[in-house]
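So you can see what is in the structure, the chains are spelled out below.
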Amino acid sequence: MPSEQWTHPEPGEGPAAIAAQPSPEQVIAGLRATSEGGAELTQLLTPEGQRIPSEQFDSYVADVDDEVLRNLYRDMVLVRRADREANAMQRQGQLGIWVPLLGQEAAQIGSGRALGPRDMAFPSYREHGVAYARGVDLRDLLGIFRCTDHSGWDYQAHRFHPYTIVIGNQVLNAAGYAMGQKFEGKVGDDDGEATICYFGDGATSQGDVHEGFVWGAVYDAPLVFFCQNNQWAISEPTERQSRLPLYQRARGYGFPGIRVDGNDVLACLAVTRWALEQCRHGNGPVLIEAFTYRMDAHTTTDDPTRYRLSDELEEWKLKDPIERVRAYLARGGGADHDFFDGVQAEADEFAAQLREHTFNMPEPPPDRIFANVYAEPSPVLDAQREEYLSYLDGFATAGEH
Amino acid sequence: MMDLQKLTIGKALNLGLRRAMEEDPKVLMMGEDIGKLGGVFRITDGLQKDFGEQRVLDTPLAESGIIGTAVGLAVRGFRPVCEIQFEGFIFPGFDQISSQLAKLHYRTQGRVKMPVVIRVPFGGGIGAVEHHSESPESLFSHIAGLKVVSISNAADAYWGIQEAIRSDDPILFFEPKKLYHSGALKMEIDTETSPGRVFGSRVVREGTTATVVSYGPSVKVALDAATAAEEEGKSLEVIDLRTLSPLDLGPVFESVRKTGRLIAVSEAPLESSLTSEIAARVQQECFYSLESPVLRVAGFDTPYPPAKLEEHYLPDLDRVLHAVDRSLSW
């Protein structure tokens, strides 16, 4: 299992060993260095578009020929274009808020495309790319941000749970779902089911994530913990969440942890397929840390220029998840200008449809406030609804006179 | 076929849980120490032995974990029944209860059902240390999407727990721990013939002088007060709310229109509590029927005191009778 020993002087090693320990400042600097990917980063495609062979993971992407890679490229371009359109619509006042995914396309498409039809995904609130990969119509998803609905898709049909906004809650919900898969005997062979749960580096500080790790491990749940380490939890950097690389936390819970280049769609696909295979066969959870970067703000209410340096952004631009696939395809003859232009045109059309749909999204009727609070009828709510609708009717009647 | 059994509340709950598990293989029990030990109050005694470790889960010690995974199991189609050891320990799970359990059905326009029951032993009078004697039910009654119920007798315990488990809504099921094993409260229950719907307010003793409304452990106090008042020639009508949220106040309004007086009794602190809500709604609906203001007998607006003081804190028969006298003297 890929892992790096976190070296630390053992107690009783003597004054020399203690003196050799880094100062707190050096620890912070070291964490920064540790967080820069490191030798343990699984990568199959470099930022320059060079394919790196991998003894462990090549077999998991043996089917990925140029056509499959073109599709992954197309997925990422469409999702990025949709993201940019939504971001613009928020700026124009058409959406209440937007949560940008810019820069995280490879982590989401790579992992999302690794899932089988029976697997279940529990997202946080930035997983628009995973939603797309699960077949959710992004127009349904935009209702959340237009504030017409809290969740507009059929979670059962798409096997994609509603967005969870409270940080880390969904990790426990996913653990419970995966326990259910185990209890139903749906694990043990290639046909097994698994659950994947998405959360960010900031969420790893939440108690629910810790408890999710405990439950997943104790019950050998078929659960892939997919942490998108995008380096920033709003304004708090990853080193404010952890003193060691996040993937190494898995060791403390007794299941494998692995760090993958989150900007490498091929590596994300391979590593997630491997992790899902582990789960399907009943080996319990796996933690994947997708090492990536949030290129835009946390949400459209955020101002990242207050807390991070532009140098950092510029450095990550060179690791763009889409450009490296484009370079690989172009260099190897896997795609030509017509293909790239065609995908861009398709993405523009996709964005135009989103825009049109958003503008035409009907406002829900007032009585929706009262709908589905309970599965069973509630006389108290029925009375409140009738009273309020009657009150509204009073205005209509007044207008007629 | 009639099958009469004389049961305590605790035993009635145990049999009710057992029956729910027999009838539906998707029903699971989850909680700390509920398997081999049978729970700290032994309410799940013997269930793991008969249904196995996969249906009666001795969970890790974390309430958010218990409730958060129950939410996921419900999404998968299970019907989890969680036990919280003592009500004072429920707060680590408050986030999952309020953010996920109560809201998923609404958030998804009814696509996600949340048939989860959280059993909460509550209330004082057991001489315990801090965090073991509280009455936090009002806090949960304020959360839309949750149903909050309580029981006060063995028949409601037996049939009520089964009704709660069958419900597609998330239910906080408050159990009066002080009364679990009271031999004096043993009831003869027909465990085969369903009485129909359990929850909703119920008049448990008819009367004409004043109405006393209560729930959970305080129902016994109200009934004892009614017996004592009878000797003084006062006829108290006692109502057991049973459903705390959404409140079913129809029978209370009806009773107040008859008696003209209402005393609401609860162990919970007074301010912003269920008794506050009852007082507000009754004055709104029964204003012209009231002969005196609605009075409340409750815990004080303090943390639950050291147990050596709890006899002063908990509403007792004398405090209820004093309130009745005040109401009548208006």
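Residues numbered from 1 in each chain as written. Chains lettered and ligands numbered in written order. Predicted model: local features only at pLDDT ≥ 70, side-chain atom pairs only at ≥ 80, totals over all residues. Heavy atoms only, no water.

- Under an unreviewed UniProt entry, the name given to chain A is Pyruvate dehydrogenase E1 component alpha subunit, and the source organism is Amycolatopsis jiangsuensis.

### Remarks on the overall build of chain A
In step 1: Looking only at helices and strands, one finds 15 helices and seven strands in chain A.
In step 2: Per-residue burial over chain A gives 53% buried out of 401 residues.
In step 3: In chain A, 77% of the contacts between residues at least 6 apart in sequence involve partners at least 24 apart.
In step 4: Total accessible area computed for chain A in this model is approximately 17,300 Å², and 51% of it derives from carbon and sulfur atoms. (Helix = DSSP H or I, 4+ residues; strand = E, 2+ residues; numbered from the N terminus. Buried < 20%, exposed > 50% of the residue type's maximum accessible area, 1.4 Å probe, protein only. Contact = heavy atoms within 4.5 Å. Areas by Shrake-Rupley, 256 points an atom, 1.4 Å probe, with all protein chains shown as cover.)

### Examining the overall build of chain B
In step 1: What chain B contains, in helices and strands, is 12 helices and 14 strands.
In step 2: Relative to a compact globule of 330 residues, whose C-alpha radius of gyration would be 20 Å, chain B shows 19 Å and is just as compact.
In step 3: Along the three orthogonal principal directions, the C-alpha set of chain B runs to about 60 × 45 × 45 Å.
In step 4: Expressed as a percentage of its 330 residues, the buried residues of chain B come to 63%.
In step 5: Sequence separation of 24 or more characterises 81% of the internal contacts of chain B that already satisfy a separation of 6 or more.
In step 6: Accessible surface computed for chain B: about 12,500 Å², of which carbon and sulfur atoms make up 51%. (Rg over C-alpha atoms; globule rule 2.2 N^0.38 Å.)

### A look at the interface of chain A and chain B
In step 1: In this complex, chain A contributes 44 residues to the contact, which on the side of chain B involves 44 residues.
In step 2: Taken over both partners, the interface formed by chain A and chain B buries close to 3,600 Å², and the fraction arising from carbon and sulfur atoms is 56%.
In step 3: On the chain A side of the interface with chain B, the three residues burying the most area are Phe183, Trp215 and Tyr374 of chain A, jointly 18% of the side's total.
In step 4: At the boundary of chain A and chain B, one finds four salt bridges.
In step 5: Measuring nitrogen to oxygen at the nearest pair gives 2.9 Å for the salt bridge that ties Glu193 of chain A to Arg76 of chain B.
In step 6: Among the elements of the structure, α7 (155-158), α8 (169-183) and α9 (207-218) of chain A are those that each provide at least two residues to the side of chain A that touches chain B. (Buried area = accessible area lost by both parts, 1.4 Å probe. Salt bridge = Lys/Arg side-chain N within 4 Å of Asp/Glu carboxyl O.)

### Some points on helix α10 (residues 274-285) of chain B
Residues and elements named next belong to chain B.
In step 1: With 12 residues, α10 extends 16 Å from end C-alpha to end C-alpha; this agrees with the ideal 16 Å at 1.5 Å per step.
In step 2: When α10 is considered as a whole, its buried residues turn out to be Leu274, Thr275, Ile278, Ala279 and Val282. Looking straight down α10, one finds its buried side chains confined to an arc of 140°; they lie on one side.
In step 3: On its buried side, α10 packs onto α6 (137-141), β10 (210-214), β12 (243-245), α9 (250-259), β13 (262-269) and β14 (295-299). (Expected span 1.5 Å × (residues − 1). Arc of directions from axis to C-beta.)

### Let's talk about the sheet that holds strand β6 (residues 147-150) of chain B
Residue and element names in this part refer to chain B.
In step 1: Taken together, seven strands build an open sheet; the order of strands is β3-β2-β4-β5-β7-β6-β12 and the sheet is mixed. Of all the strands in the sheet, just β3 (56-58) and β12 have a single pairing partner and so form its edges. Shown here is a sheet whose adjacent strand axes are inclined to one another by a mean of 20°, direction ignored.
In step 2: Bridge analysis of strand β5 (residues 117-122) against strand β7 (residues 171-176) gives six bridges, and the strand direction is parallel. For Pro121, the partnering residue across the bridge sits in β7 and is Glu175. (Pairing = 2+ DSSP bridges. Axes fitted to C-alpha atoms, helices over the stretch in contact; angles between N-to-C directions.)

### Side note on the sheet that holds β13 of chain B
Residue and element names in this part refer to chain B.
In step 1: Overall, mixed pairing links the five strands, which are arranged β9-β11-β10-β13-β14 in an open sheet. Either end of the sheet is taken by a strand with one partner, and the two such strands are β9 (202-205) and β14. Averaged over neighbouring strand pairs, the angle between their axes works out to 25° when direction is ignored.
In step 2: For β13 and β14, the ladder comprises four bridges, and the chain directions are parallel. Across the sheet, the residue bridging to Ala264 is Arg296, located in β14.

### Re the pattern of salt bridges
In step 1: This structure, assessed with the given rule, holds 47 salt bridges over all chains.
In step 2: Here Asp296 of chain A ties to Arg84 of chain A by a salt bridge, and the two come within 2.9 Å at their closest N and O atoms. Here Asp296 of chain A, found in the loop between β7 (286-291) and α12 (310-317), pairs with Arg84 of chain A, found in helix α3 (residues 66-91); they are 212 residues apart in sequence, far enough to count as distant.
In step 3: For Arg84 of chain A, a relative accessible area of 27% puts it in the partly exposed group.
In step 4: What emerges from the salt-bridge pattern is a single network uniting Arg159, Glu184 and Glu193 of chain A together with Lys26 and Arg76 of chain B.

### What to know about the UniProt feature "domain: Dehydrogenase E1 component" (unreviewed entry) in chain A
In step 1: Under the present numbering, the feature "domain: Dehydrogenase E1 component" (unreviewed entry) in UniProt falls on residues 74-346 of chain A.
In step 2: Secondary structure across residues 74-346 of chain A divides into 46% helix and 11% strand, with the first and last C-alpha atoms of the span separated by 9 Å. (UniProt positions renumbered as here; feature names shortened; annotations may be inferred.)

### Digging into the environment of Tyr132 of chain A
Residue and element names in this part refer to chain A.
In step 1: Position of Tyr132 relative to the elements: it lies in helix α5 (residues 128-133).
In step 2: Sequence spacing of Tyr132 and Ile109 is 23 residues, and the spatial spacing of their C-alpha atoms is 8.3 Å.
In step 3: Those residues in contact with Tyr132 that lie beyond four places of it in its chain are Arg74, Asp75, Leu78, Val79, Ile109, Arg113, Leu138 and Phe350.

### Thoughts on the confidence of the model for chain A
All names here are of chain A.
In step 1: On average, residues of chain A score 91 in pLDDT, and 89% of them are at 70 or above.
In step 2: The model gives residues 1-15 a pLDDT under 50, and that stretch makes 22 contacts with residues more than four places away or in other chains.
In step 3: pLDDT under 50 marks residues 26-35. Its contacts with residues more than four places away, or in other chains, come to 17 contacts. (pLDDT = per-residue confidence, 0-100.)

### A word on a nonpolar patch on the surface
Residue and element names in this part refer to chain A.
In step 1: Taken together, Tyr388, Tyr391 and Phe395 make up a surface patch of nonpolar side chains, about 340 Å² in accessible area.
In step 2: The residue Tyr391 is located in helix α15 (residues 379-400) in this model.
In step 3: Given the relative accessible area of 48%, Tyr391 is considered partly exposed. (Patch = residues over 30% accessible without salt bridge, like charges linked within 9 Å, V, L, I, M, F, W, Y side chains within 5 Å.)

### Considerations on the domain arrangement of chain A
In step 1: Taken as a whole, chain A is organised into domain 1 (38-359) and domain 2 (366-398).
In step 2: Computed over C-alpha atoms only, the centres of domain 1 of chain A and domain 2 of chain A are separated by 40 Å. (Domains from an automatic or database assignment.)

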